[in-house]
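Below, each chain spelled out in residue letters.
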Amino acid sequence: MSATLSKGINSFKEMIDAPVASFFSSCVHCGLCAEACLFYTETGDPKYTPIHKLEPLRRVWQQEYTLLGKLGKLLGLSKPVTDAELEEWKPLVYDSCTMCSRCAMVCPVGNDMTYMIRKMREGMAASGHAPKDLIGASTRSVEIGSPMGIRLPAVKAQMKHVQDDTGIDIPLDRVGSEYMVLMSSMEIINFPEYLAAIARIMKQAGKTWTLCSEAFEATNSGIQIGASDIAKVLVQRVVDGAEKLKVKTVISPECGHAFTALRWEGPNLIGRAYTFEVQHILEVLDEFRSAGLLKTTGFEEARLTFHDPCQIVRRGGLLAQPRNLLNMVAKNFVDTADRGKMNWCCGGGGGVSAIEEAEPLRLQAFKVKKAQLEETGAKTLVTACANCRIVLEEGLEHYHMNIPVMGLTELIAEHLTEGE
Amino acid sequence: MKKSRQPEVLPGTVGEGLKQRGVTRREFLKFCSALTVMLALPPAMASVMAEAISKARRQSVIWLSFQECTGCTESITRSHSPTLENLIFDLISLDYHHTLQAASGEAAEQARMQAMKDNEGNYLLIVDGSIPMGNPGYSCIAGISNHDMLVETAKGAAAIVAVGTCAAYGGIPKADPNPTGAVSVADIVKDKPIINVPGCPPIPVVMTGVLAHFLTFGGIPELDSLGRPKSFFGDTIHDRCYRRPFYDQGKFAETFDDEAARNGWCLFKLGCKGPVTYNACATTKWNDGTSFPIQSGHGCIGCSEPNFWDAGPLYQALSMPVSATGSLLGAAAIAGAAAGVAITWHNRSTKAAAKAAHEKVTVQELTREEK
């Protein structure tokens, strides 16, 4: 068994639906999407125009689903999509699209390019044109349980560290808990402060929660590479774990695409509704805040700004929550000029941060973020996605900017009123 | 306006005449620059044009008026102040013009015959008004039918300018049911270059521009498919309308006295024909650049287009059907729906086949075997 071109083309045909058809037929070629894309604005190269990244998919739509296109194909007037072409498009569909959806916000006819890139990646993956790093991550996710190859013992080791540091018991596989907490590999390896923050916040709020030994990983490489069959396997693990532990709510961690995978794509992938709710950690924290369960003392004095993770804010709809929470603990919170649903992407979403050969382009695109930060004069950068965080840290280091980046959950936890 | 013909007091060239009337060379050059811009000529042509016009012997012009209302003549002569345009007009040799000439009867016709004879092959013939093909008695001058006078005078003309929509396309006299059998100049004269300057009435500067082009280059400007100078009739009123941004935003006046109308929104829904009318009103404007119909709150009626009078109600929006019958539309809808169903059915089977052909993608199948 192997990936083949015909599998890829078949996948394109399978993926094209009414929205895709209406998007392609209503595109007016105005080019506004280019101006909204950081890969275009920072390189000036028109090949990074978002709608252009979809050209092979558009041709398949035209040849298979339109009258003139069918005629053209019959008469040999339109050239078929080839392996060479898909290979040429690989850097456009993967390396230079973070699926951030900023282009969809400016499209005057309402085309959702991200929706189509997600679908196009299905055909790219099925035809063997996915980047090798994403193939590796997907393989580790399915075979080991995490894209970074983390197994349960590593999680347990971190639990023990956090337990020692905070003196709070970290529950594992506790049936009937209200919340089941997931983590991204990035948080397990690089940012243990997230788990510590959760433990302290849950303790103050008086909520029961648990980790799950069979489903601790929230990320979903299947979504990034564009293979629904693989994405489904990974979502199913979380669903099985949550249903086994009979939890009310699964908390998606500070990770962008994990939220998209679990909250929006998940039920469609497994073909049924969940028996539990999925909330992003910021939604949970904001609920705690308005219920008076989140008590903080003191304020951050430094000027700080917020990087809106695209999948959580623009595509996830959590616009007010991060700002409500920030204003609880920060005196000098300043927003960037483009903020909320129009904020610029960190440049590493949608799997881009995992693709090694995309790094030079990603660092070039980071210039837009750099300019944004310089304009605010912020001394600290807060975000709510571990992937954004690592990409931002790398970008800041590359451009020799001394601005610390922190997670919002962790920032809230630092200001918790404790000892009650 | 035009004085009687007295060669001994009139200057020999246009340039001398302008000087006599106190027009400085600088003013004249400015005027020529404006004309070159409007004629879409390269800027360097301004001085060439100035030279050519200044040196030109006074061009002999014969102006024939047929079934018309004199509006075209009014347009060019009744500018509210003496403009350079009508000064230039003064300085051509307008050898025959019913309305403006002092002579009458035999003497007038004599002047026409004399001009035709003296300038054979070189004079410019300007025509306003349409020509009745029914009873010749509908319109005749000095006992000569309009048709015969046109044919006779066109014979020795260098070129013909059909001024106004009546001369260019038949205009209002030709409107349904066309009782006089009115036709345009081009319907009768086939062997001479004809420049149509339509409009009801046409813009004065367009007439002057055409004349200036003729004097400078000795030929006619580039014309569109309806015989109009492209430089003035290249864009629609809509494309150049200052209310266009409201159209683009979907902001329309619904009545002539609503809030939207007072705010100056687009008059499309009130029947403005700007989108299908080619003319220069929106750029050159009227009355010394003061305004034009849309600016004063009324939609364009499309007066520079053929058959404008019969092109549907003036106050009905362009997008409303004027002729298609209900049954025709119904049949078209059914045919369209049937085609839609057929294509949908075919597309669904294409997609169903693709779904059936789906082979599960596992991590082992993300790479090519041959690699």
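Quick caveat, the model's predicted, so the values are computed rather than measured. (Residues numbered from 1 in each chain as written. Chains lettered and ligands numbered in written order. Predicted model: local features only at pLDDT ≥ 70, side-chain atom pairs only at ≥ 80, totals over all residues.)

## Description of the overall build of chain B
To keep it simple, the criterion reads: Note on conventions: DSSP H or I runs of at least 4 residues are helices, E runs of at least 2 residues are strands, and numbering of each starts at the N terminus. For every residue, the other C-beta atoms within 10 Å of its own C-beta are counted; 20 or more classify it as buried, 12 or fewer as exposed, and values in between as partly exposed. C-beta atoms are placed from the backbone. Working definition of a contact: two residues with C-beta atoms, positioned from the backbone, lying within 7 Å.
Looking only at helices and strands, one finds 16 helices and nine strands in chain B. In chain B, buried positions account for 37% of the 371 residues. Of the contacts formed within chain B by residues at least 6 apart in sequence, a portion of 72% connects residues at least 24 apart.

## A look at the overall build of chain A
Across its full length, chain A holds 22 helices and seven strands. Within chain A, the fraction of its 420 residues that count as buried is 53%.

## Some points on the nonpolar core
Threshold: Only buried Ala, Val, Leu, Ile, Met, Phe, Trp, Tyr and Cys residues enter a nonpolar core, and they are joined through C-beta atoms within 7 Å.
Cys37(A), Met180(A), Leu182(A), Val250(A) and Leu262(A) are the most contacted members of the largest nonpolar core, which totals 134 residues. For this core, the element with the highest residue contribution is helix 13 (residues 193-205) of chain A, accounting for nine residues. Contact partners of Cys37(A), with chain neighbours within four places excluded, come to Tyr48(A), Pro50(A), Arg102(A) and Cys103(A). Counting residues in hydrophobic clusters, the runner-up holds 73 residues, among them Leu35(B), Leu124(B), Leu215(B) and Trp265(B).

## Points about the sheet that holds strand 1 (residues 60-65) of chain B
Residue and element names in this part refer to chain B. For the record, the criterion: One bridge is not enough; two strands pair if DSSP finds at least two bridges between them. Between N-to-C directions, angles span 0 to 180 degrees; the directions come from axes that are lines fitted to C-alpha atoms, helices contributing only their stretch in contact.
With parallel pairing, the five strands of this open sheet are ordered in space as 2-1-3-7-9. The open sheet has two edge strands, strand 2 (93-97) and strand 9 (194-197), and neither has a second partner. Pairwise comparison of adjacent strand axes, ignoring direction, gives a mean angle of 20° for this sheet. Strand direction decides the pairing type here: strand 7 (residues 157-163) and strand 9, joined by four bridges, are parallel. The partner of Val163 across the bridge, within strand 9, is Val197. Packing of helix 6 (residues 105-118) onto the sheet brings it into contact with strand 1, strand 2 and strand 3 (123-128), and relative to strand 2 it is tilted by some 135°. The strands touched by helix 7 (residues 146-154) within the sheet are strand 1, strand 3 and strand 7, with strand 1 carrying the most contacts at an inclination of about 165°.

## Thoughts on the pairing of strand 1 of chain B
Residue and element names in this part refer to chain B. The buried fraction of strand 1 amounts to six of the six residues, a majority that puts the element mostly inside the structure. Burial of the side chains of strand 1 extends over both faces: Ser60, Ile62 and Leu64 are buried on one face and Val61, Trp63 and Ser65 on the other. The sheet contact formed by strand 1 and strand 2 spans four bridges and is parallel. Bridging across to strand 2, Ile62 finds its partner in Tyr96. Strand direction decides the pairing type here: strand 1 and strand 3, joined by five bridges, are parallel. Bridge pairing in strand 3 links Val61 to Leu124.

## Considering the sheet that holds strand 4 (residues 277-280) of chain A
Residue and element names in this part refer to chain A. Strand order in this open sheet of four strands is 2-1-3-4, and the pairing throughout is parallel. The open sheet has two edge strands with one neighbour each: strand 2 (209-210) and strand 4. Along the sheet, helix 17 (residues 281-290) contacts strand 3 (249-252) and strand 4; its crossing angle with strand 4, the most-contacted strand, is approximately 85°.

## A look at unusual backbone geometry
Across the junction of Asp176(B) and Pro177(B), the peptide omega takes the value 5°, indicating a cis bond. By the element assignment, Pro177(B) lies in the loop between helix 8 (164-169) and strand 8 (182-183). That bond from Cys200(B) to Pro201(B) is cis: its omega, 0°, falls within 30 degrees of zero. Secondary-structure assignment places Pro201(B) in the loop between strand 9 and helix 10 (204-217). In this model, Asp173(A) sits at a positive phi of 55°, which is unusual for a non-glycine residue. Within the element layout of this structure, Asp173(A) appears in the loop between helix 11 (152-166) and strand 1 (179-181). By C-beta crowding, Asp173(A) is classed as partly exposed, having 14 other C-beta atoms within 10 Å. The phi torsion at Lys285(B) lies on the positive side, around 60°, for a residue other than glycine. Among the structural elements, Lys285(B) can be located in the loop between helix 15 (281-284) and helix 16 (326-356).

## Re helix 11 of chain A
Residues and elements named next belong to chain A. The condition is simple: To estimate how far a helix should reach, multiply one less than its number of residues by 1.5 Å. What the arc measures is the spread of directions leading from the helix axis to the C-beta atoms.
Its 15 residues place the ends of helix 11 21 Å apart at the C-alpha level, agreeing with the 21 Å of an ideal helix rising 1.5 Å per residue. Within the sequence span of helix 11, burial applies to Val155, Gln158, Met159 and Val162. The arc enclosing the buried residues of helix 11, seen along the axis, measures out at 105°, which places them on a common side. What points out from helix 11, more than 90 degrees from its buried face, is the exposed set Pro153, Ala157, Lys160 and Asp164. Buried positions along helix 11 lie against helix 12 (185-189) and helix 13. With its phi angle positive at about 75°, Gly167 sits one or two positions after the end of helix 11.

## Quick notes on the environment of Pro201(B)
Judged by the 25 C-beta atoms lying within 10 Å of it, Pro201(B) falls in the buried class. Along the sequence, Pro201(B) and Ser304(B) sit 103 residues apart, while their C-alpha atoms lie 8.4 Å from each other.

## Comments concerning the environment of Ala36(A)
Residues and elements named next belong to chain A. Within the secondary structure, Ala36 sits in helix 3 (residues 32-36). Classification of Ala36 as buried rests on a count of 22 C-beta atoms within 10 Å. The sequence separation of Ala36 and Pro50 amounts to 14 residues, and the corresponding C-alpha distance is 8.8 Å. Once residues lying within four places of it in the same chain are set aside, the contact partners of Ala36 are Arg102, Cys103, Met105 and Val106.

## Notes on the packing of helix 1 (residues 5-15) of chain A against helix 9 (residues 113-126) of chain A
Residues and elements named next belong to chain A. This is how the line gets drawn: Here the word oblique covers every angle except those under 35 degrees (roughly parallel), over 145 (roughly antiparallel) and from 65 to 115 (roughly perpendicular). For any pair of crossing helices, the crossing counts as left-handed if the nearer helix is rotated counterclockwise from the farther one by less than a right angle, and right-handed if it is rotated clockwise. For this classification, the nonpolar set comprises Ala, Val, Leu, Ile, Met, Phe, Trp, Tyr, Cys and Pro, the charged set comprises Asp, Glu, Lys and Arg, and every other residue, Gly included, is treated as polar.
Where helix 1 meets helix 9, the axes come as close as 7 Å, and the angle between the chain directions of the two elements is 160°. The orientation of helix 1 relative to helix 9 falls into the category roughly antiparallel. The chirality of how helix 1 crosses helix 9 is right-handed. Together, Lys7, Gly8, Ile9, Ser11, Phe12 and Met15 of helix 1 and Lys119, Glu122, Gly123, Met124 and Ala126 of helix 9 make up the contact between the two elements. Class assignment for the residues of the contact of helix 1 with helix 9 results in five nonpolar, three polar and three charged.

## A closer look at the pairing of strand 7 of chain B
All names here are of chain B. In terms of residue burial, strand 7 counts as a mostly covered element, since five of its seven residues are buried. Two elements, strand 3 and strand 7, share six bridges in a ladder whose sense is parallel. Residue pairing across strands places Leu124 opposite Ala159, the latter belonging to strand 7.

## Notes on the environment of Tyr123(B)
All names here are of chain B. With respect to the secondary-structure elements, Tyr123 resides in strand 3. The spacing of Tyr123 and Val61 is 62 residues in sequence and 5.6 Å in space, taken between C-alpha atoms. If we ignore the near neighbours within four places in the chain, the residues touching Tyr123 are Ser60, Val61, Ile62, Ala115, Met116, Gly156, Ala157 and Ala158.

## What about helix 16 (residues 256-270) of chain A?
All names here are of chain A. Our working rule: The quantity called bend is, for any residue, the angle between two axes fitted respectively to the seven residues ending at it and the seven beginning at it.
Compared with the 21 Å implied by 1.5 Å per residue over 15 residues, the 20 Å span of helix 16 between its first and last C-alpha is a close match. Along its length, helix 16 shows its largest kink, about 50°, at Trp264, and proline Pro267 lies within four residues downstream of that point. Buried within helix 16 are the following residues: Gly256, His257, Ala258, Phe259, Thr260, Ala261, Leu262, Arg263, Gly266 and Leu269. Tucked inside the fold, the buried residues of helix 16 contact helix 14 (221-225), helix 15 (228-244), strand 3, strand 4 and helix 21 (386-398).

## Examining the confidence of the model for chain B
Applied cut-off: Per-residue confidence from the predictor is given as pLDDT, running between 0 and 100.
Of the residues in chain B, 91% have a pLDDT of 70 or more, and the chain-wide mean is 86. A low-confidence stretch, residues 1-9 of chain B (pLDDT under 50), is modelled with seven contacts involving residues beyond four sequence positions or located in other chains.

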